Amino acid sequence: MSDRELSKSNSGLFIISSVAGGGKSTLISLLLKRHEDLLFSVSCTTRPPRPGDVPGHSYHFLTVDDFKSRIDRDEFIEWAEVHGNYYGTSKLFIENAIQSGHAILMDIDVQGAKIVKGKLPTATTIFILPPSEEIWIDRLRSRATDSQEVIERRIRNGKVELSQSDWFDYQIVNDNLETAYGDLEKIVYSEK
Ligand code: 5GP
């Protein structure tokens, strides 16, 4: 599919972004569990797997060399450096999913969201907001699994992302999980 054909397709593509610890992954997992017709775009990344990550399911885990070769071969519809690692979305997967008529969920950062929306203007963009900046920062700092340096970098990057949340077609405040889930489900099934 050429970039021009891709840009004209009525994609049924949902781009979901948030800050680290905004609850986006939980909401996406719930949506995928309850709706088997939705496809999840599994990204490639150079970050090491975390406990609970399933290769090929959460991410395709690549070496930096492999990731860079794929950039050179133009295999990503978008890629970005996020929190010090590379992340990218397979162009082939998106083309095949669009052609199969399935709705697709993408969990990508704000830079990636803007690139994909530029290439696929019919995509719907959704930002998951934490209940407040204070609650979000407290939550991140109390995560025992991450180092202080990682947490501070995520806070710095997250503040920049929060300042761009108005750019998204929809904002969902993740104050209560079931309410936020209901909002997300409503958006996906009214836009689909
Ligand atoms: P994590 O490492 O915590 O799973 O993800 C870190 C950030 O990278 C999240 O904001 C996530 O949405 C973003 N991300 C995951 N996959 C991609 C991708 O393919 N492209 C871009 N641009 N960001 C991604």
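Figured I'd write up the structure that's included with this text.

Turning next to the environment of Glu-191. Within the secondary structure, Glu-191 sits in helix 8 (residues 177–191). Relative accessible area serves as the criterion here: at 38%, Glu-191 is assigned to the partly exposed category. Remark: the alpha-carbon pair of Glu-191 and Ala-123, spanning 68 residues in sequence, is separated by 9.5 Å. Those residues within four positions of Glu-191 in sequence are excluded, and the remaining contacts are Phe-14, Thr-124 and Tyr-170. A distance of 2.3 Å separates the side chain of Glu-191 from the side chain of Tyr-170, its partner in a polar contact.

One open sheet accounts for four strands, arranged 4-3-6-5; its pairing is mixed. In this open sheet, the two strands that pair with only one neighbour each are strand 4 (59–61) and strand 5 (76–82). Sheet twist, expressed as the mean angle between neighbouring strand axes with direction ignored, is 25°. Looking at chain direction, strand 3 (residues 43–45) and strand 6 (residues 85–90) are connected through two bridges and run antiparallel. Within strand 6, the position partnered with Cys-44 by the bridge is Gly-88.

Here we come to helix 6 (residues 133–141). Looking at helix 6, one finds that the buried residues are Trp-136, Ile-137 and Leu-140. Along helix 6, the residues classed as buried sweep out an arc of 95° about the axis, all on the same side. In helix 6, the exposed residues that point more than 90 degrees away from the buried face are Glu-134 and Asp-138. For helix 6, the secondary structure elements touched by its buried residues are helix 7 (148–162).

Right, let's get into the site of the ligand. As a matter of local geometry, the ligand sits amid 17 residues, with Arg-47, Tyr-59, Glu-78, Tyr-87 and Asp-107 nearest to it. Here an oxygen atom of the ligand and a side-chain polar atom of Arg-47 are 2.5 Å apart. A distance of 2.7 Å separates a nitrogen atom of the ligand from a polar side-chain atom of Asp-109. Contact with the protein chains hides 92% of the accessible area of the ligand, taken as 520 Å² for the molecule alone.

Definitions and limits used
Residues numbered from 1 in each chain as written. Predicted model: local features only at pLDDT ≥ 70, side-chain atom pairs only at ≥ 80, totals over all residues. Heavy atoms only, no water. Helix = DSSP H or I, 4+ residues; strand = E, 2+ residues; numbered from the N terminus. Buried < 20%, exposed > 50% of the residue type's maximum accessible area, 1.4 Å probe, protein only. Contact = heavy atoms within 4.5 Å. Polar contact = N/O pair within 3.5 Å; in protein donor to acceptor, adjacent residues only side chain to side chain. Pairing = 2+ DSSP bridges. Axes fitted to C-alpha atoms, helices over the stretch in contact; angles between N-to-C directions. Arc of directions from axis to C-beta. Near = heavy atom within 4 Å. Areas by Shrake-Rupley, 256 points an atom, 1.4 Å probe, with all protein chains shown as cover.

Bear in mind that shape data such as this cannot, by itself, settle questions of function.
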